[in-house]
Amino acid sequence: MAMDKRTAIFPGSFDPFTLGHMDVLQSALNLFDRIYVAVGYNHLKRGFLSPQTRVRLINDAVRPLVDAGADIEVLSYTGLTVDLCREKGADFIVRGLRTTTDFELESVIAQANRKMSPGIVTVFIPASHAYSFISSTVVRDVIVNGGDAAPFLPSNIDINKYID
Ligand code: ADP
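Residues numbered from 1 in each chain as written. Predicted model: local features only at pLDDT ≥ 70, side-chain atom pairs only at ≥ 80, totals over all residues. Heavy atoms only, no water.

### Notes on the side chain of aspartate 15
For step 1, the next point in the chain: Along the chain, the position of aspartate 15 falls in the loop between strand 1 (7-12) and helix 1 (19-29).
For step 2, the next point in the chain: Judged by its relative accessible area of 6%, aspartate 15 is buried.
For step 3, the next point in the chain: At 3.5 Å, the side chain of aspartate 15 and the side chain of arginine 54 are in polar contact.
For step 4, the next point in the chain: Contact partners of aspartate 15, with chain neighbours within four places excluded, come to Gly47, Phe48, Leu49, Arg54, Ser136 and Arg140. (Helix = DSSP H or I, 4+ residues; strand = E, 2+ residues; numbered from the N terminus. Buried < 20%, exposed > 50% of the residue type's maximum accessible area, 1.4 Å probe, protein only. Polar contact = N/O pair within 3.5 Å; in protein donor to acceptor, adjacent residues only side chain to side chain. Contact = heavy atoms within 4.5 Å.)

### Focus: the pattern of salt bridges
It is possible for side chains bearing opposite charge to pair when their charged atoms get close.
For step 1, the next point in the chain: For the structure shown, the criterion picks out 7 salt bridges.
For step 2, the next point in the chain: The partner of arginine 34 in a salt bridge is aspartate 71, and the shortest N-O contact between them spans 3.0 Å. In this pair, arginine 34 is assigned in strand 2 (residues 34-40) and aspartate 71 in strand 3 (residues 71-77), connecting sequence segments 37 residues apart.
For step 3, the next point in the chain: Arginine 34 gets classed as partly exposed once you look at its relative accessible area, which sits at 28%.
For step 4, the next point in the chain: On the basis of relative accessible area, aspartate 71 is assigned to the partly exposed category, the value being 24%. (Salt bridge = Lys/Arg side-chain N within 4 Å of Asp/Glu carboxyl O.)

### Remarks on helix 2 (residues 51-67)
For step 1, the next point in the chain: A rise of 1.5 Å per residue sets the reference length of helix 2, with its 17 residues, at 24 Å; its end C-alpha atoms lie 23 Å apart and thus fit the reference within 8%.
For step 2, the next point in the chain: Its maximal kink placed at alanine 61, helix 2 deviates by approximately 40°, while the proline proline 64 follows within four residues.
For step 3, the next point in the chain: What helix 2 keeps buried is the set Pro51, Thr53, Arg54, Val55, Leu57, Ile58, Ala61, Val62 and Leu65.
For step 4, the next point in the chain: Buried residues in helix 2 make contact with helix 1, strand 2 and strand 3. (Expected span 1.5 Å × (residues − 1). Bend = angle between axes of the 7 residues up to and from the residue.)

Rendered as structure tokens:
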């Protein structure tokens, strides 16, 4: 029986993409045939890295996976994630969970998305113990204050190449 490709969107701010995000992505690759890593941004909010730079960093971070055959596409978007799902033919949204606070915030968003688009299901992937303390906020703080963020970032990423 021919099966449709299972396609998921992994949305986030990814400002910047961390080892925690990478870990969720790697788990998601075991569940889905194609994954769009989607950098969501707000025109009115200036981020740490620009959306284009975030996309470039993620493309560099996932290159070894893509070279090994993973079907990953990185893009940026504004607007509703469910609209992006429809545009890309994705039936799933992937989100990572670190804490109960993450769960409380995420379950509300997942329910709203399900109400808007009943066919789209959010799949939660728990953080690995080793990475559950990593957040983009902490990484930005470390960088801004001159610390070494390398332990929190994908191993092939030199953050200095992305900061102007
Ligand atoms: P957002 O601003 O949309 O929450 P983030 O870039 O902070 O975007 O996070 C994107 C997704 O990755 C979220 O589902 C978040 O819970 C998850 N995430 C972030 N850090 C980790 C981590 N260390 N382990 C597992 N999931 C994580």
